[in-house]
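Structure at a glance
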Amino acid sequence: MADTVAVRTEEEREPAGFAFEERPRPLEGIRAYGLIMAMWVRSTMAYRASFAMTLFGNLAVTAFDFVTILLMFTHVDALGGYSLPEIALLYGLSATAFGVCDLLLGSMDRVGSRVRDGTFDTLLVRPVPVLAQVAADRFALRRLGRITQGLLVLGYALVTLDIAWTPLKMLMLPMTVVSGAAIFGAIFIAGAAFQFVAQDASEVQNSFTYGGTTLLQYPPTVFAKDLVRGVTFVVPLAFASWLPALYVLGREYPVDLPQWVAFLPPLVAAGACGLAGLAWRAGLRSYRSTGS
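Note that the coordinates shown come from a computational prediction; the quantities given were computed from them, not determined experimentally.

1. Quick notes on the environment of Ile30
Topologically, Ile30 is positioned in helix H2 (residues 26-45). Ile30 sits in the exposed class, given a relative accessible area of 58%.

Here it is as structure tokens:
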């Protein structure tokens, strides 16, 4: 019996310098993520005054993005043919979706720094899925400020816009937020997987995540059509906000897509998450410890 245990132990041990592979364990990963997240939340709430100040600071800093748009509208009546309330709808959906993703997966851009300083190895020896550990690491409750700010702008848009509401249009709003958060999450994970190769690519990742949400806060008509096609057919950011929002507003999409594509964000999000998962596993298998 002892010999059997010894053999199994040797088989399960990964020698240093060889690839590490993470087997998919969704339920275990979700449970581990929740436990790590709860640990960081308890740590944060131990200093409630500090948390309140950082939450307010996060809310104030992210609010400057919309203040910039307000300043533009002191000189123009429309931007790319869109009024301020219409842009507020685009902004609110994008900011809220990205805020949810940033809260849940905002630490994924630290993979590169962990690979460089060798601390990523410590995640591999724990009996917990690595993705759950990376995603929940340093869970920052202060990021609720971005979600709050996005919801406030979204609320302003819904109050001021004159929209002929239908059941489909009403369902489109929560669907957009959930699907958009999943699409941004897929980009976070794919960017983290790329850092196994590049090791110093956090800014490249941020250009698609933070840069992507900034792009979606403005109407597609202000951008070149090639760029609009790129964020529709290559990196599907348009499905995180533009396409469903334009359906709600009754606007045509600038690259002549049929109206029914506005209902595809859940499918696009599922496909993007699947591809991101494959990229993560491939990146993890290619990892050869510090110096690779």
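From this point, the narrative continues.
2. Some details on a nonpolar patch on the surface
Side chains of Phe64, Val67, Leu70 and Leu71 sit close together on the surface and give an oily, nonpolar patch of about 360 Å² of accessible area. In this structure, Phe64 sits in helix H3 (residues 48-72).

3. Considerations on the pattern of salt bridges
Counting across every chain of the model gives six salt bridges. A salt bridge links Arg251 to Glu86, with the nearest nitrogen and oxygen atoms 2.9 Å apart. Taken as a pair, Arg251 in the loop between helix H12 (242-249) and helix H13 (265-286) and Glu86 in helix H4 (residues 84-105) lie far apart in primary sequence, 165 residues in all. Asp137 is the partner of Arg110 in a salt bridge, and the nearest nitrogen-oxygen pair spans 2.4 Å. One end of the pair, Arg110, is in the loop between H4 and helix H5 (111-117); the other, Asp137, is in the loop between helix H7 (130-136) and helix H8 (144-160), with 27 residues separating them in the sequence. Given a relative accessible area of 26%, Arg110 falls into the partly exposed group. Judged by its relative accessible area of 11%, Asp137 is buried. When salt bridges with common partners are traced through the structure, they connect Asp102, Arg143 and Arg146 into a single cluster.

4. Notes on the packing of H4 against H8
Between H4 and H8, the least distance of the axes is 7 Å, while the angle of their chain directions is 155°. Taken together, H4 and H8 sit at an angle that is classed as roughly antiparallel. For the crossing formed where H4 meets H8, the hand is left-handed. Its residues placed into classes, the contact of H4 with H8 shows 18 nonpolar, six polar and two charged.

5. Remarks on the side chain of Asp109
Along the chain, the position of Asp109 falls in the loop between H4 and H5. Despite its burial, Asp109 pairs with no opposite charge; the closest candidate is Arg110, at 5.9 Å N-O. Contact partners of Asp109, with chain neighbours within four places excluded, come to Gln195, Ser202, Gln205 and Asn206.

6. Quick look at the packing of H4 against H12
Here H4 crosses H12 at 145°, and the two axes come no closer than 10 Å. H4 and H12 meet at a crossing whose hand is right-handed. Residues Glu86, Leu89, Leu90 and Leu93 of H4 pack against Trp242, Ala245, Val248 and Leu249 of H12. Of the residues that constitute the contact of H4 with H12, the class distribution is seven nonpolar, no polar and one charged.

7. Quick notes on unusual backbone geometry
Residue Arg138 is not a glycine yet carries a positive backbone phi of 55°. Within the secondary structure, Arg138 is located in the loop between H7 and H8. With relative accessibility at 46%, the residue Arg138 sits in the partly exposed group. Of note in this structure, Asp256 is not a glycine but carries a positive phi near 60°. Looking at the element boundaries, Asp256 is found in the loop between H12 and H13.

Cut-off values and rules
- Residue positions are given per chain, counting from 1 as you read along its sequence in written order.
- Per-residue local features are limited, in this predicted model, to residues with pLDDT of at least 70; the limit for side-chain atom pairs, both in listing and counting, is 80 or more; totals at the level of whole chains, interfaces and linings are taken over all residues.
- The side-chain figures draw on all heavy atoms in the structure; neither hydrogens nor water molecules are used.
- For the purposes of this entry, the term helix denotes a DSSP run of H or I that reaches at least four residues, the term strand denotes a run of E that reaches at least two, and both are numbered from the N terminus.
- Remark: exposure states derive from per-residue accessible area (1.4 Å probe, protein chains only) relative to the maximum for the residue type, with buried under 20%, exposed over 50%, and partly exposed in between.
- Patch criteria: residues need more than 30% relative accessible area and no salt bridge. Like-charged residues are merged within 9 Å; nonpolar side chains of Val, Leu, Ile, Met, Phe, Trp and Tyr are merged within 5 Å.
- Using a 1.4 Å probe, the Shrake-Rupley method yields the accessible areas, and only the shown protein chains count as cover for residues.
- Definition used for salt bridges: Asp or Glu carboxyl oxygen within 4 Å of a side-chain nitrogen of Lys or Arg.
- Think of each axis as a best-fit line through the C-alpha atoms, taken over the contacting stretch in the case of a helix, with angles from 0 to 180 degrees between the N-to-C directions.
- Angle categories: roughly parallel below 35 degrees, roughly antiparallel above 145, roughly perpendicular from 65 to 115, and oblique for all the rest.
- Here a crossing is taken to be left-handed if its near helix is turned anticlockwise relative to the far helix by less than a right angle, and right-handed if that turn runs clockwise.
- Charged residues are taken to be Asp, Glu, Lys and Arg, nonpolar residues to be Ala, Val, Leu, Ile, Met, Phe, Trp, Tyr, Cys and Pro, and polar residues to be all remaining types, Gly included.
- Counted as positive: Lys and Arg. Counted as negative: Asp and Glu, with His and the chain ends omitted from the count.
- Contact between two residues is taken to exist if any of their heavy atoms lie within 4.5 Å; hydrogens are not considered.

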